[in-house]
Amino acid sequence: MRFTGMTLAAAVLAAGAAYAETAPDDVQFGEYGAVEASLTGQEGDPEKGREIFSTKSMGNCVSCHAVSVLEDVPFQGEVGPVLDGIGEYRTTEELRGIVANAKMTFEGTVMPAFYKTSGFIRPGDGYTGKAAEPPIEPILAAQDIEDLVAFLTTLKDE
Amino acid sequence: MKTRTMTVAAALFALSAPALTAGGADDDNLTINGNIEMTTKAEPAAHLDGALPEVISGWHFRSDETQELEMDDFDNPGMIFVDQAREAWNTAEGSEGKSCADCHNEPESMAGVRTVYPKWNEEAGEVRTIQMQMNDCRENRMGAEPWKYDASAAINMEALISSVSRGMPMDVATDGPAQETWEQGKEIYYTRYGKLELACASCHELNYGNYIRADHLSQGHTNGFPTYRLKNAKLNGQHSRFKGCVRDTRAETFSPGSPEFVALELYVASRGNGLSVEGPSVRN
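These numbers were taken from a predicted model, which means no experiment stands behind them.

Topic: the overall build of chain B
Thought 1: For chain B, the count of helices and strands is 11 helices and 11 strands.
Thought 2: Against the 2.2 N^0.38 benchmark of 19 Å for 284 residues, chain B shows a C-alpha radius of gyration of 20 Å, consistent with a compact globule.
Thought 3: With 284 residues in all, chain B has 51% of them scored as buried.
Thought 4: Long-range pairs, those at least 24 residues apart, make up 68% of the contacts in chain B with a sequence separation of at least 6.
Thought 5: Taking the 26 positively charged and 42 negatively charged side chains of chain B as two groups, their mean positions are separated by 9 Å.

Structure representation (structure tokens):
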């Protein structure tokens, strides 16, 4: 029983390794918070990124940021800046760093770190109010971050 | 490059402003039943040290329709529960066969009580909320079962006690023997909990007046509690509200009635010192 579990874990690990996924603790941030290398080595999917951006159980970015092209998404928040045109003035590397851990770019920002697993105070299990079971998972997976970055990159001025 | 982006951003902001920025606090005045004048904007207490330029009731951040419901007791659905509590006030319970009225006469004798709670209790050597004090009466003077924290029986009675102080300014003590608990509450207020790493201050100090999705963030004061929420059509306690807010940071919450929430209740109340007691208020 225990043996099977371990074999499975090893198999999953091996699969991850095939895509050379970077673990949250291993992400290398530049001096200003940018992340050079893709977290997965896989191209991001902007359509998926759009969904992650707008869905509460996923990124829920829209609770704080408004984006005009998301005209089907009601009640866009205003805690963070409007992200129209962000693909114009931020590089892919900067965007990856901001979405993975915005605190490396904006010190002390209220924007949550979406690809991080350590340093939390009373981390919960989603929105249940109960404690998270270790191991602590990041809010978004590595490929979700890449998908979001791909979506943000499409936000250019006409 | 930089100038260009900023111009674009400014233009977009101007475009979206009327829809999103329904404004921070509005300028309406709150009078209840045509005769209780409410202070809904006040000078910040010295201990806030500039953290808030003005202390503003959550009432100002709600829509005109929601605001109106609080202006007359016949429209305020929370008052139905206050009436239920008036009945409970006069009902004998427990092994001693006593009611609240047997010791305290009319509920109106409680005028002013809501303004100073949570408060240090010398005999018990602890800071107590109104609910803790009510349960002390139930257990030790009436021989009755304590009420569950924030459950309807307790919250309705807290609303009755609050209602007879409406219009009086909140004035909890932050010094003396209460100071240690107050400081603990302050630390909790500024701790960034959960996977979203948000503190009370992240939303209610740094972002009041902004929308977070469909919610118009207030300064998160407690003078309106218990609050009748249109969302769940009942009276809600402070600790339940705290719990909901902490849960929304994707954190492991504290429990209603816990020492952490008692301390937080004292600290948050002190941020709203000077605002009129509004409970039972109406919120969404």
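A few points about the overall build of chain A
Thought 1: Each helix and strand counted, chain A has 5 helices and 0 strands in total.
Thought 2: Along chain A, from the amino end to the carboxyl end, the secondary structure elements read α-α-α-α-α.
Thought 3: Of all intrachain contacts in chain A linking residues separated by at least 6 positions in sequence, the fraction that spans at least 24 positions is 55%.

What to know about the layout of surface pockets
Residue and element names in this part refer to chain B.
Thought 1: Each pocket or cavity is described by its volume, and for the second largest pocket that value is around 330 Å³.
Thought 2: In this structure, the second largest pocket is lined by 19 residues; those nearest its centre are H104, M110, Q133, M134 and C137.
Thought 3: When contributions to the lining of the second largest pocket are tallied by element, the ones reaching two or more residues are α4 (100–104), α6 (130–142) and α7 (152–163).
Thought 4: The element contributing the most residues to the lining of the second largest pocket is α6, with 7 residues.
Thought 5: A breakdown of the residues in the lining of the second largest pocket according to their chemical character gives 13 nonpolar, 3 polar and 3 charged.

Observations concerning the UniProt feature "domain: Cytochrome c" (unreviewed entry) in chain A
Thought 1: Feature annotation in UniProt places "domain: Cytochrome c" (unreviewed entry) on residues 44–156 of chain A, given in this structure's numbering.
Thought 2: The span residues 44–156 of chain A carries 30% helix and 0% strand; its end-to-end C-alpha distance comes to 17 Å.

A look at the nonpolar core
Thought 1: Among the nonpolar cores identified, the biggest contains 36 residues, and A:F53, A:I145 and A:L152 are the most heavily contacted of them.
Thought 2: Looking at this core, the elements that each hand over two or more residues are α2 (46–54), α4 (92–100) and α5 (142–153) of chain A.
Thought 3: Among the elements that take part in this core, α5(A) stands out by supplying 6 residues, more than any other.
Thought 4: Residues in contact with A:F53, not counting those within four places in the same chain, are A:N60, A:C61, A:V62, A:H65, A:V67, A:L70, A:L83, A:L148, A:F151 and A:L152.
Thought 5: With 22 residues, the next largest nonpolar core counts B:M79, B:M110, B:V164 and B:Y228 among its residues.

A closer look at the UniProt feature "binding site: heme c 2" (unreviewed entry) in chain B
All names here are of chain B.
Thought 1: In the UniProt entry, the feature "binding site: heme c 2" (unreviewed entry) is given for C200, C203, H204 and C245. On the basis of their most widely separated C-alpha atoms, the annotated residues across 46 residues gather in one place, lying no more than 10.7 Å apart.
Thought 2: Here H204 shows up in helix α9 (residues 200–204).
Thought 3: Each residue touching H204, except ones within four places of it in the same chain, is listed here: L52, Y189, L217, S218, Q219, G220 and C245.
Thought 4: With respect to the element layout, C245 can be found in helix α10 (residues 238–247).
Thought 5: Overall, the relative accessible area of 32% leaves C245 in the partly exposed class.

What to know about the environment of B:G237
Thought 1: When you line up the elements, B:G237 lands in the loop between β10 (234–236) and α10.
Thought 2: Separated by 83 residues in sequence, B:G237 and B:A154 place their C-alpha atoms 9.0 Å apart.

Details of the side chain of B:E278
All names here are of chain B.
Thought 1: Inspection of the secondary structure puts E278 in the loop between α11 (259–271) and β11 (281–283).
Thought 2: On the basis of relative accessible area, E278 is assigned to the buried category, the value being 0%.
Thought 3: Polar contacts involving the side chain of E278 include one to the side chain of R283, which spans 3.2 Å.
Thought 4: Each residue touching E278, except ones within four places of it in the same chain, is listed here: L30, M38, T40, S57, W59, E70, R166, N223, G224 and R283.

Some remarks on the sheet that holds β11(B)
Residue and element names in this part refer to chain B.
Thought 1: With respect to topology, 3 strands assemble into an open sheet ordered β10-β9-β11, the strand pairing being mixed. Among the strands making up the open sheet, the edge pair consists of β10 and β11. Averaged over all neighbouring strand pairs, the angle between strand axes comes to 40 degrees, with direction disregarded.

The rules behind these values
Residues numbered from 1 in each chain as written. Chains lettered and ligands numbered in written order. Predicted model: local features only at pLDDT ≥ 70, side-chain atom pairs only at ≥ 80, totals over all residues. Heavy atoms only, no water. Helix = DSSP H or I, 4+ residues; strand = E, 2+ residues; numbered from the N terminus. Rg over C-alpha atoms; globule rule 2.2 N^0.38 Å. Buried < 20%, exposed > 50% of the residue type's maximum accessible area, 1.4 Å probe, protein only. Contact = heavy atoms within 4.5 Å. Lys, Arg positive; Asp, Glu negative; His and termini not counted. Charge placed at Lys NZ, Arg CZ, Asp CG, Glu CD. 1 Å grid on protein atoms, 1.4 Å probe; cavity = no way out; pocket = protein on both sides within 12 Å on 5 of 7 lines; lining within 4 Å. Points joined across faces, edges and corners; volume = space filled by probe spheres on them. Nonpolar A, V, L, I, M, F, W, Y, C, P; charged D, E, K, R; others polar. UniProt positions renumbered as here; feature names shortened; annotations may be inferred. Core = buried A, V, L, I, M, F, W, Y, C linked by side-chain atoms within 4.5 Å. Polar contact = N/O pair within 3.5 Å; in protein donor to acceptor, adjacent residues only side chain to side chain. Pairing = 2+ DSSP bridges. Axes fitted to C-alpha atoms, helices over the stretch in contact; angles between N-to-C directions.

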